[in-house]
Amino acid sequence: MKVALAYSGGLDTSVCIPLLKERYGAREVISVVVDVGQPDEDLKRGNERGEKLSDLHVIIDAKAEFVKDYIFPLIKANGDYEGYVLGTAIARPLIAKKVAEVAIKEGANAVAHGCTGKGNDQLRFDAVFRAMGLEVIAPMRELKFVRSEEIEYAKEKGIDVPVKKDTPWSIDENLWSRSIEGGRLEDPSFIPPEEIFAWTKSPEDAPDTPHLLKITFREGVPVALDGKLLDGTELIRKLNEIAGEHGVGRTDIIEDRVLGLKARENYEHPAATVLIKAHRDLEQLVLTRNELRFKEVVDARWSELVYQGLLLDPLYDDLNAFIDSTQKRVSGEVTVKLYKGSMQILGRSSEFALYREDWVSFDSEGGIDPMAADGFSKFHGLQARMCRTGR
Ligand code: ARG
């Protein structure tokens, strides 16, 4: 049997390699690292370990595809699930797809992942693997290992896993966001220590001078910072740096997992905070009230589907078709201020603005007939008036 494994280089997925051979009878294990913008050290470690432990190690750079086909649609949909910017969620289906493609190309009989039976990631991987017609093996879920047994087994297999007792966090990182869970953070009343953060300065330590930044959007996606055109990956990296320096983009929430378990989650996502808030603001300027009201519902449904990892549900394409159609006019510029953990909109403009200063202004009449409003007003609240006064 040949198995392709979604590999990160961490403890869980490393232990999966000998487990697949010993407990599942795999003759050949292919470790697949998919680069969605995780830190260079993680990728390096993953590649070194993968080369050493598996029979074939494959590295796939999926950053450009991640940005174009996953993050950009997320920005257009103002992706948000209970306050979570969907960082891990949006990357999993892409990772799964890439691993499945390797499995198919190499003629593997099954695909595997290192997720436990408690989280969302198992569901996200499984949904894509199965929709692509593949058998799934999930050793960490099926063998019910507890952490200590796993570490023991890793040592036995010569896997040098530096699990430091003082930093027992489980971290998942990609271009869009970084999540930190586990250890003492599992007590929802425990105050996160500063050391869990890597992308954001604490607001107290952020510069005393605010940073003003102009973001240009074209058809719903960000294309430039302060007028400088940037490729999507670069733009997100740069904005993560700038906004992170100002302490923008931290979230600490209780989140409802797909299984129904509530979990305490900490996230860092500077660029996501800035881009989504700015994008939403621009939409407010260019979309009609009707579009805005309906899109709110579509965006929420989109986010729920992405959280569940159900990107292969035809509904996902249907929702994207609607969203894309609205985004044709979402072009323009938004100026924001970053200051000590906060991000504020300072101004916006667009050639598609549904805004007319002379109409709305206190200083001009702008051709608006006030008596037309008077007539409108007589019908406004008609039924409520009848209920209350009987006429
Ligand atoms: N709660 C987030 C989610 O479900 C983050 C999960 C992080 N995953 C991980 N394996 N560390 O998307």
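Quantities reported herein were computed from a predicted structural model and do not represent experimental measurements.

Quick notes on the rules
- Residues numbered from 1 in each chain as written.
- Predicted model: local features only at pLDDT ≥ 70, side-chain atom pairs only at ≥ 80, totals over all residues.
- Heavy atoms only, no water.
- Helix = DSSP H or I, 4+ residues; strand = E, 2+ residues; numbered from the N terminus.
- Near = heavy atom within 4 Å.
- Polar contact = N/O pair within 3.5 Å; in protein donor to acceptor, adjacent residues only side chain to side chain.
- Areas by Shrake-Rupley, 256 points an atom, 1.4 Å probe, with all protein chains shown as cover.
- Nonpolar A, V, L, I, M, F, W, Y, C, P; charged D, E, K, R; others polar.
- Buried < 20%, exposed > 50% of the residue type's maximum accessible area, 1.4 Å probe, protein only.

Negative phi characterises most residues that are not glycine, and trans characterises most peptide bonds. Despite not being glycine, Asn78 has its phi angle at roughly 50°, a positive value. For Glu219, which is not glycine, the phi torsion reads 45° and is therefore positive. For Glu219, the location among the structural elements is in the loop between β8 (211-218) and β9 (221-225).

Attention now moves to the site of the ligand. Residues in contact with the ligand amount to 15 residues; listed here are only the nearest, Tyr84, Asn120, Arg124, Glu255 and Tyr267. In the environment of the ligand, an oxygen atom lies 2.8 Å from a nitrogen or oxygen atom belonging to the side chain of Arg124. Side-chain polar atom of Ser170 to a nitrogen atom of the ligand: 3.4 Å apart, as the coordinates give it. Taking 350 Å² as the accessible area of the ligand by itself, protein coverage stands at 87%. Counting only elements with at least two residues in the shell around the ligand, the list comes to α4 (87-106), α5 (121-131), β6 (170-173), β7 (178-181) and β12 (262-268). When residues of the shell around the ligand are assigned to their parent elements, the largest contribution, three residues, is made by α4. For the shell around the ligand, the per-class residue count stands at four nonpolar, four polar and seven charged.

Attention now goes to the side chain of Glu268. Position of Glu268 relative to the elements: it lies in strand β12. Using a relative accessible area of 0% as the deciding quantity, one classes Glu268 as buried. A distance of 2.8 Å separates a polar side-chain atom of Glu268 from the backbone nitrogen of Ala198. At 2.9 Å, the side chain of Glu268 and the backbone nitrogen of Trp199 are in polar contact.

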